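Commentary on secondary and tertiary structure
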2 protein chains.
Amino acid sequence: MVTISDIAAALGVTPSTVSRALSGSPRVKEETRLAVEKMAAEMGYERNIVASNLRKGRSDIVGIIVPRIHRNFFSNVIGGAESILEAAGYCVLICQTHERFEAEVKALRTLRNNQVAGVLMSHAIGSDNGKHILDVLGDRIPLVQFDRVFSELPGAKVVSNNFEGAYAATKHLVEQGYRRIGTLAGYMNSEAYAARLEGYRQALRDSGLPVDESLVHYDTIVRETGYEAGLKAIEAGCDALYSAGDFSALGAIEAARERGLRIPEDFGIVGTANEAFTALMTPSMSSLALNPFEMGRQAAQAFLAGEEGTVVVPMELKVRESSCRNKLQNLSI
Amino acid sequence: MVTISDIAAALGVTPSTVSRALSGSPRVKEETRLAVEKMAAEMGYERNIVASNLRKGRSDIVGIIVPRIHRNFFSNVIGGAESILEAAGYCVLICQTHERFEAEVKALRTLRNNQVAGVLMSHAIGSDNGKHILDVLGDRIPLVQFDRVFSELPGAKVVSNNFEGAYAATKHLVEQGYRRIGTLAGYMNSEAYAARLEGYRQALRDSGLPVDESLVHYDTIVRETGYEAGLKAIEAGCDALYSAGDFSALGAIEAARERGLRIPEDFGIVGTANEAFTALMTPSMSSLALNPFEMGRQAAQAFLAGEEGTVVVPMELKVRESSCRNKLQNLSI
DNA sequence: CGGAATAATACAAACGTTTGTACAACGATC
DNA sequence: GATCGTTGTACAAACGTTTGTATTATTCCG
């Protein structure tokens, strides 16, 4: 591998001059810079990033920590972040936590020891607060949180407007004439799910409908639990459900079919996340779309800008057949 | 940050002794090693990986290059690879090519300049051969290719049994009574697609059916091109399609519906990749499942083992409604 | 033309680790 | 007690870059 010293020797200058020339310092003469660049190209020089990082005390690597990389949502966030970071000259180091606290701490350590320029993360379900994050990263490494956020931590945050989204989804069901609307609510230690539940409640209140807590089904995010909760909801006389997840909504649809209910005539449903299958099934499923790619972009941009605020990425209600007794429509919140 | 020199000073030994103690060299006395380890723990020492990498000339980072990270297949491969590499003490640096040759070269350069311990990659459609890969990586950085493979390159390879898979898928269509079976074949500069096409052809031959080259539709991997090719296939009198991709298969289904054909009664289809939506749509779509997580695991293991061979990860034909005029069945190849 | 100001380059010390070689201490052997 | 091998440490030179300071070359002005 050719080094700046080789170039320096070939040109009869010192390595420092070569270094400055290549990084565009105003302290080298235009003529010298051109000569250096030419020689560097000729000799096939490429900067040793590791040495550069060691000297500078930081790298051009941005760490991203997610619970599971192969979940659709997170891989899209990563894709969005990467699209911005790559253009800005960074590369991306990925760590998974598998929802475990210990793995999260380990990932944070790994990233810090690699002297990453920053960390974008969505914390594990297993983490109750962000103390460990602060402990490991200190105040030297900028942090951007997305989706799952500890609001007490410093640094930028990127979230969805879960309250407004769930509000719009529920309101939509009301407008379609459903009157006894339940919800599959997810886990309450996640602020996102909690906000969706509140949005659902508020929409009912604002519509003059009673908020019946027996129609709220907690901890339902997979198909099986959605199915069971769906059966209960039907027995309780529900005619519609807003589900905080798509897979649980799918389970509820199964339950409704099994009970001989037609969708959307007898039973309406809106899911959340806009998973690929929702648009492709029959009848197609209405869903409150997250925008993970955009969240990734925003997180990356927040890191680049070094700003501290909270960015809210709007959700979009995709109205499809499963909730439309009236006409089809598409709402942006 | 505390360094080995700090520890050395605190104990009255030299940094080299500390370094050797921490890396378990037999050249330090057991007693000294314990003292060093204790002091390191007390002072909260963590090895500066960047400095270590510079000195050693390589890092504990493994680069993974994929066309697009948020494609289900690739994010699962990454997940599989990461599960193995993480356990072995490596971390994973991700690069996307967006199917572009130039981006692939840039990614390779980035990884080499970061002195990665190895590269796992699936090349871009835009790359016709692997010369650039060899040029950039040289023979110092081990390479493992997966899925899309240049067989002329050295290093380990992990592939699916595309020929056998496509053969089984096509044979299945024959067994279901379809007689004029076309194919959506993908890009022929990818050996995987080429092998699938051969499997399709061989299955027809072995079934005593004519191989009509006008029923082979090249370069169709997305929904739109699948739709167009689907229309052509229907006009040409096809009653079934084996598609080398799920999205193109979806497009073909649209085309069939538009032409008033019932699925599977009038028109059968089998896709490839077993995307999540295939099982959830109505009618559910048969698909030739890849095993991306396992491929990632195998690729990582091949890197760790430093072996050169080719690993074949079997595909599995998921038989669902879209191809079943007779009975439902599930085939393992 | 002298001297100050400025421009351009050279010098050298870092960054924190690893590792080959040298060295000291010690016990064993003859 | 001199010689030798062994064991444990110290010494010092890397790895390739960046960057503060010193030095030399150039320009400009009175």
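Below is a summary of the structure that appears in this document. (Residues numbered from 1 in each chain as written. Chains lettered and ligands numbered in written order. Predicted model: local features only at pLDDT ≥ 70, side-chain atom pairs only at ≥ 80, totals over all residues. Heavy atoms only, no water.)

**Things to note about the overall build of chain A**
- Each helix and strand in chain A was counted, giving 13 helices and 13 strands.
- Its C-alpha atoms give chain A a radius of gyration of 26 Å, clearly above 20 Å, the size a compact globule of 333 residues would have.
- Across its three principal axes, chain A shows a C-alpha extent of roughly 85 × 40 × 30 Å.
- Going through the 333 residues of chain A one by one, you find that 54% of them count as buried.
- Expressed as a percentage of contacts within chain A between residues at least 6 apart in sequence, the contacts between residues at least 24 apart total 70%.
- Here chain A displays about 14,000 Å² of accessible surface, and carbon together with sulfur accounts for 50% of that area. (Helix = DSSP H or I, 4+ residues; strand = E, 2+ residues; numbered from the N terminus. Rg over C-alpha atoms; globule rule 2.2 N^0.38 Å. Buried < 20%, exposed > 50% of the residue type's maximum accessible area, 1.4 Å probe, protein only. Contact = heavy atoms within 4.5 Å. Areas by Shrake-Rupley, 256 points an atom, 1.4 Å probe, with all protein chains shown as cover.)

**A word on the relation of the copies chain B and chain A**
- With an RMSD of 1.0 Å, the fit of chain B onto chain A corresponds to turning through 179° and sliding 0.8 Å along the axis. The symmetry that links the two subunits is that of a two-fold axis.
- A symmetric contact is evident, with 100% of the interface residues of chain B recurring at the interface of chain A. (Least-squares fit on C-alpha atoms with pLDDT ≥ 70 in both.)

**Notes on the sheet that holds strand 2 (residues 91-96) of chain A**
- On the basis of which strands lie adjacent, the open sheet formed by 12 strands has the order 11(A)-5(A)-4(A)-3(A)-1(A)-2(A)-2(B)-1(B)-3(B)-4(B)-5(B)-11(B) and mixed pairing. Strands with a single pairing partner mark the edges of an open sheet, and in this sheet they are strand 11 (310-313) of chain A together with strand 11 (310-313) of chain B. The mean angle between the axes of side-by-side strands here comes to 20°, regardless of whether they run parallel or antiparallel.
- Bridge count for strand 1 (residues 61-66) of chain B against strand 2 (residues 91-96) of chain B is 6 bridges, and the pairing is parallel. The partner of V66 of chain B across the bridge, within strand 2 of chain B, is Q96 of chain B. (Pairing = 2+ DSSP bridges. Axes fitted to C-alpha atoms, helices over the stretch in contact; angles between N-to-C directions.)

**Comments concerning the protein's contact with DNA strand D**
- Around DNA strand D sit 25 residues in total, of which I4, R27, Y45 and R55 of chain A together with T32 of chain B are the nearest.
- Here the atoms of DNA strand D within 4 Å of the protein split so that 56% fall in sugar or phosphate, with bases taking the remainder.
- Within the contact set of DNA strand D, a phosphate oxygen lies 3.4 Å away from a backbone nitrogen or oxygen of N48 of chain A.
- Looking at the surface near DNA strand D, the elements with two or more residues in it are helix 2 (15-22) and helix 4 (49-56) of chain A together with helix 2 (15-22) and helix 4 (49-56) of chain B.
- No other element matches the 4 residues that helix 4 of chain A contributes to the surface near DNA strand D.
- Partitioning the surface near DNA strand D into residue classes produces 6 nonpolar, 10 polar and 9 charged. (Near = heavy atom within 4 Å. Polar contact = N/O pair within 3.5 Å; in protein donor to acceptor, adjacent residues only side chain to side chain. Nonpolar A, V, L, I, M, F, W, Y, C, P; charged D, E, K, R; others polar.)

**Describing the pairing of strand 10 (residues 286-289) of chain A**
Residue and element names in this part refer to chain A.
- Judged by which residues are buried, strand 10 turns out to be covered on both faces: S286 and L288 on one side and S287 and A289 on the other are all buried.
- In the sheet, strand 9 (residues 268-272) pairs with strand 10 via 3 bridges, with the strands oriented parallel. What sits directly across from T272, in strand 10, is L288.

**Overview of the pairing of strand 5 (residues 156-160) of chain B**
Residues and elements named next belong to chain B.
- Where burial is concerned, most of strand 5 is hidden: 5 out of the 5 residues are buried.
- Residues of strand 5 alternate between two faces, with A156, V158 and S160 on one and K157 and V159 on the opposite face, all of them buried.
- The sheet contact formed by strand 5 and strand 11 spans 4 bridges and is parallel. Bridge pairing in strand 11 places V158 opposite V311.

**Notes on the interface of chain B and chain A**
- Across the boundary between the two partners, chain B contributes 38 residues, which contact 39 residues of chain A.
- Buried area between chain B and chain A, both sides added, is near 3,600 Å², and the carbon and sulfur share of it is 59%.
- If you look at where chain B meets chain A, you find 6 salt bridges.
- The partner of R109 of chain A in a salt bridge is E46 of chain B, and the shortest N-O contact between them spans 2.9 Å.
- On inspection of chain B and its partner chain A, the count reaches 17 residue pairs in polar contact (both at pLDDT 80 or more).
- At the level of secondary structure, the elements contributing two or more residues to the side of chain B that touches chain A comprise helix 4, helix 5 (72-87), strand 2, helix 6 (101-113) and helix 12 (276-280) of chain B.
- For the side of chain B that touches chain A, the per-class residue count stands at 17 nonpolar, 13 polar and 8 charged. (Buried area = accessible area lost by both parts, 1.4 Å probe. Salt bridge = Lys/Arg side-chain N within 4 Å of Asp/Glu carboxyl O.)

**Notes on the nonpolar core**
- I64, L120 and F146 of chain A together with I64, L85, L120 and F146 of chain B are the most contacted members of the largest nonpolar core, which has 135 residues in total.
- In this structure F146 of chain A touches I64, I65, V66, F74, V77, L120, M121, S122, V158 and A299 of chain A, once residues within four positions along its chain are discounted.
- Ranked by size, the runner-up nonpolar core spans 36 residues in total, among them L153 of chain A together with I61, C95 and V116 of chain B. (Core = buried A, V, L, I, M, F, W, Y, C linked by side-chain atoms within 4.5 Å.)

**Let's talk about the pattern of salt bridges**
- Per the counting criterion, the structure on display carries 32 salt bridges over all chains.
- A salt bridge links D60 of chain A to R58 of chain A; its shortest N-O distance comes to 3.7 Å.
- Look at D60 of chain A and you get partly exposed, because its relative accessible area is 28%.
- Note that D266 of chain B and R262 of chain B form a salt bridge whose closest N and O atoms lie 3.0 Å from each other.
- A single salt-bridge network, built from bridges that share partners, covers E46 of chain A together with R109 and R112 of chain B.

**Notes on the protein's contact with DNA strand C**
- Around DNA strand C, 25 residues are found, and the nearest of them are T32 of chain A together with I4, R27, Y45 and R55 of chain B.
- A share of 56% of the atoms of DNA strand C within 4 Å of the protein falls on sugar and phosphate groups.
- Between DNA strand C and I4 of chain B, the relevant distance is 2.7 Å, taken from a phosphate oxygen to a main-chain nitrogen or oxygen of the residue.
- Within the side chain of Y45 of chain B, a nitrogen or oxygen atom sits 2.4 Å from a phosphate oxygen of DNA strand C.

**Examining empty space enclosed by the protein**
- Under the definition given, this model contains 1 cavity of 30 Å³ or more.
- The computed volume of the largest cavity comes to approximately 80 Å³.
- Taken together, V50, N53, S59, I61 and N114 of chain A together with V50, N53, S59, I61 and N114 of chain B make up the lining of the largest cavity.
- At the level of secondary structure, the elements contributing two or more residues to the lining of the largest cavity comprise helix 4 of chain A together with helix 4 of chain B.
- For the lining of the largest cavity, a count of residues per class yields 4 nonpolar, 6 polar and no charged. (1 Å grid on protein atoms, 1.4 Å probe; cavity = no way out; pocket = protein on both sides within 12 Å on 5 of 7 lines; lining within 4 Å. Points joined across faces, edges and corners; volume = space filled by probe spheres on them.)

**Comments concerning the packing of aromatic side chains**
Residue and element names in this part refer to chain A.
- Considering all chains together, one arrives at 8 aromatic pairs over all chains under this definition.
- Judged by centre distance (6.3 Å) and plane angle (25°), the rings of F163 and Y167 are stacked. In this pair, F163 and Y167 both sit in helix 8 (residues 162-175), 4 residues apart, roughly one turn of the helix.
- A ring pair is formed by F247 and F277, whose centres lie 5.2 Å apart and whose planes are at 50°; its orientation type is tilted. Taken together, the residues span a long stretch of sequence, with F247 in helix 11 (residues 246-258) and F277 in helix 12 (residues 276-280) at a distance of 30 residues. (Phe/Tyr/Trp six-rings, centres within 6.5 Å; stacked < 30°, edge-to-face > 60°.)

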